[in-house]
Structures are given as C-alpha cells and as structure tokens.
Amino acid sequence: MKAYRGIILSGKSAGEVKIFRDGLLLVDGEGKIQFCGDFRKSGIDTKRYKIETVGLILPGFIDMHTHLPQFRAVGMGGGQLLEWLVNHIFPLESNYSDNSYAQKESGIFFEKIIREGTTTAVIYSAPFERACDIAFQSAEKCGIRAFTGRTMMDINSPVDLMDKTDSILESVKSLISKWHGHDSGRLNYILTPRFAGSCSTSLMKKCAEISNSENIFVQTHLSENRKELELMKELHPGYKNYTDIYDKSGLIGDKTLLAHGIYLSDEELKIIKDKGAAIVHCPASNSYLSSGIMPLSDYINRKIKIGIGTDIAGGWNFSMLDEGREALESAKKLAAIKNIDNEINLRSIFNMITINAAETLGINNVTGSLENGKDADFLTADFSEKINAVKIDTDELLSLLFYRKQDYNITGIYVRGRNISIKMD
Ligand code: GUN
Ligand code: ZN
C-alpha cells in the first residue's frame, strides 16, 4: 500500500470539482484506490504506512485527440490546413515507414506527453501497420493508457502514405487482434479514418462495420476549415453536408470522436447529438491553422459530448492544462465577438480533461477521477512557494493550476499506481 497526503482535486460528472484540503490517497498493491478523502477521516495507521507528503494530487489528464508522428512539426510552417498537411505533415509522416525512426520517435512522443501529466491519450499513429504496432509497443512499455490506430488513407493522398482499401483493413484487423484490450484494457485500438478528404466511402463503411461488430471507437476529423468543406463537396458530391458523408457511411455513433467541428449546421449538430457522438475541441490547433473558433458554449448547451485534444502538431501544447486554458480563452474571445457573456469556467474545463473524457471513452469505471475502487491514475505536484491549504478555495487552485504553471512542478505521474514519469529532470 502507498499513501500520498496533500490537497486533492477531483472532478465529478455533475460539473462539480471536489476538494480535500488535507487529503489522503491510498493505493493498494494492485494499483487501485483504497481511499481518497479527508486525511482525518481515513483512520490511517500512520505508524504502519510511510506517507509521502506532496502539494497537490490530481487525476491524470486525458488528451482526446493527438497525432504521434507530427510532434516534430509543432510550430512549424504557416498556412491553413490543406497546404499545411501537404507541405509540413505528410512528409514528416512518411518518415515513419522507417521502423527504427518510428521506434525512436514514438518513445520520445510518450515521454513528452507523460511529463505534462497525460495518463490517457487518444492518438493517431502513422499510416503504416508497423509504425502503429511500434506505437503500441512504446505505450505498452511506458505504462500510459492509450487508444491508438493506424491513420487510414486510401484516396487523394501522397502515394507513399496511401494503401489499398483491403490491405489497410487486413492490417487493421491484425492490429486489433494483437492490441485491442491489451493489458486488461489499458491499451485499445481505435479505428482512424483520417478524414473524408483521404478516405473512400467504401473504407469508411468498412470502418463502421468493424466498429459495430468489435465494439471499437472510431476517430476522424470533421469540419475544421472552410477550404476543407469545399474539398469535401468535390471528393464526395451528392451529400447534404460534411457530417452526412460520415453518417451515410454509418460512422456517426456513440463510439465516434469527431475532432474540430467548427462549421456545423443545426442539422449536423442534431445528428451528432442524437447519435451520441463526441466533438473533440482542439482550440490551439484551430487558432494556429487559422481554422476558426469552435462554439464550445453552444455545443455544451446542446448537450453534445465534448472532449479536448492537443491535436499536435496543429496545436502546440503537450499539456492538457495548457490546452484547457486555450479552450477557456477561445470561449471568452468568441463571447466578446458575439457580445454575450462567457459561460465557460475552469471547473467545467477541468472536468472535460478528466472525468468527462473518461465517460465519453467508457472508461470512467477505472479512471478520470480519484475514487475508491478506481485505478490510481493520478499526478502529484509541489508548489514552489508555500500556499495556505486551509484558506485556498477550489477556483483559486484551478486558476493557479491552469494559469501559473511556473508556480508548481509536476513531481510524479502514475497509472494504476505505477510511476510512469520516465526521464523526468
Ligand atoms: N485533417 C486531416 N488530417 C489532419 C491532421 O493531421 N491534422 C489536422 N489538424 N487536421 C487534419
Ligand atoms: Zn487532428
């Protein structure tokens, strides 16, 4: 049994964030939470257990959308989505046909996200079977919880990244049988048709079939950029709108993650809501690629499931705290432009990067918050200056967390109770 004492923050699905100012987290030998609550109410025998005192204890963060093979391109190149993909991203992803390169880079990617407190990530791996297998091996080794899949591209793409539909599907089936549910559900396959701009309808339909028959999540990009919308009309004529391309392929369901979703009509939003799909908000990427501002508040009011994703390398953040701050700031900007009051606050952002994300992924029974019986996926942090734990309130603490990263250090990152903070300085 391991014991950690400090201020504990943990989200609840009802939009609430709980605080224990003098909290105790007890983790058993299997990596499960035995107790999370007030130190004084724990009844812990302080002579029996060595208690590690830390500043802050938080649930690990969940990044709902990122691209492993792109991290070297963060901050590189201007332009908007379609030119940026051609000029900066596709050439980089091509490098992952070299297995030793893929191996080296995959390890570095995980190191970079783990050190920022990400304990679960939903990841696009490169468009090659071996590179995806290598990404899984790296995730297996480093201890993170991950959903990843081979990025699928069978039309309208550079030849070295494209593959035949059947050959993609064969490789995906073998990756699923090797990795889906691996290590008691820590690693999962996610079907990853890149976007309708690089996928045929027959590929997308097959993805929907596999998703349904194997109960596997699907991720793709939707309605990110105005020129992308024009491309969809050219490549897939005859559909009502962008969402309709996915919907008619059977891809919109309660296991679907749709990144960006900036330019969506009422009709599209209704389908997404009614079918239980989630929109993954990527605010830094939306800003960097001049894509636009996603109306977060509006989607929340429509009761659409929302996740937050770093979308490396469209986005520049490796930290979900940085991305979450970006989500709040972009909501404030949009409210100012519309001359309305901003409705988003840090409590809801904190829940979006923890418990709500776990709910969307169907893993809230094991992670996303610190509760008895769940896996101990958490991080510890120390303040650089003493703070008054008795006086500080939840909102102040959240402000410190999201806006004053220079005032504390993340000291440990744990999945199932195991410290996975590799090579931390
Ligand atoms: N749409 C299709 N592929 C990509 C990608 O790699 N990044 C982003 N931001 N959007 C995409
Ligand atoms: Zn993306």
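Everything numeric in this text was worked out from a predicted model, so none of it was measured.

A. How the structure looks around the packing of aromatic side chains. Using the criterion set out here, one finds 11 aromatic pairs in the structure. Summarising the aromatic geometry, the rings of phenylalanine 136 and tryptophan 179 are spaced 5.1 Å apart at their centres and angled 5° between planes, so their arrangement reads as stacked. Placement of phenylalanine 136 in helix α4 (residues 129-142) and of tryptophan 179 in helix α5 (residues 165-179) is noted, with a sequence separation of 43 residues between them. Look at tryptophan 179 and you get buried, because its relative accessible area is 3%. Sitting over the ring of phenylalanine 39, arginine 5 keeps its end group 3.5 Å from the ring centre.

B. Structural detail: the coordination of the zinc ion (ligand 2). Protein ligation of the zinc ion (ligand 2) involves His65 (NE2), His67 (NE2), His221 (NE2) and Asp311 (OD), the donor distances falling in the range 2.0 to 2.2 Å. For the zinc ion (ligand 2), the four donor atoms are set out with angles of 92 to 162° between them, so the coordination reads as irregular. The sequence pattern describing where the donors of the zinc ion (ligand 2) fall on their chain is H-x1-H-x153-H-x89-D. In this pair, histidine 221 is assigned in strand β10 (residues 218-222) and aspartate 311 in the loop between β13 (305-308) and α13 (320-338), connecting sequence segments 90 residues apart. Across the pair, exposure class does not vary: histidine 221 and aspartate 311 are buried alike.

C. Molecular detail of the sheet that holds β10. Taken together, the four strands give an open sheet; going across it, the order is β10-β11-β12-β13, and neighbouring strands pair in parallel fashion. Because the sheet does not close on itself, it has two edges, and the strands there are β10 and β13. Adjacent strand axes in the sheet meet at a mean angle of 30°, parallel and antiparallel pairs treated alike. The sheet contact formed by strand β12 (residues 278-281) and β13 spans four bridges and is parallel. Across the sheet, the residue bridging to isoleucine 279 is isoleucine 306, located in β13. Its contacts with the sheet place α13 against β12 and β13, and it is angled at close to 125° to β13.

D. Layout of the pattern of salt bridges. One pass over the full model with this rule turns up 29 salt bridges. For aspartate 375, the salt bridge goes to lysine 32, with nearest N and O atoms at 2.8 Å. Taken together, the positions of aspartate 375 in the loop between α15 (355-360) and β14 (378-383) and lysine 32 in the loop between β2 (16-27) and β3 (33-38) put the pair 343 residues apart, joining distant regions of the chain. A residue is classified by how much of its surface remains accessible, and aspartate 375, at 5% relative accessible area, is buried. Under the relative-accessibility criterion, lysine 32 is labelled partly exposed at 34%. Where glutamate 105 meets lysine 104, a salt bridge forms, and the shortest distance between an N and an O atom there is 3.3 Å. One salt-bridge network, in which partners are shared between bridges, spans Lys32, Arg145, Asp183, Arg186, Asp375, Asp377 and Arg416.

About the thresholds
Residues numbered from 1 in each chain as written. Chains lettered and ligands numbered in written order. Predicted model: local features only at pLDDT ≥ 70, side-chain atom pairs only at ≥ 80, totals over all residues. Heavy atoms only, no water. Phe/Tyr/Trp six-rings, centres within 6.5 Å; stacked < 30°, edge-to-face > 60°. Helix = DSSP H or I, 4+ residues; strand = E, 2+ residues; numbered from the N terminus. Buried < 20%, exposed > 50% of the residue type's maximum accessible area, 1.4 Å probe, protein only. Lys NZ or Arg CZ within 6 Å of the ring centre and 35° of its normal. Donors = N, O, S within 2.8 Å, 3.2 Å for Na, K, Ca; no water. Tetrahedral: all angles 85-135°; square planar, octahedral: opposite > 155°, others 65-115°. Pairing = 2+ DSSP bridges. Axes fitted to C-alpha atoms, helices over the stretch in contact; angles between N-to-C directions. Contact = heavy atoms within 4.5 Å. Salt bridge = Lys/Arg side-chain N within 4 Å of Asp/Glu carboxyl O.

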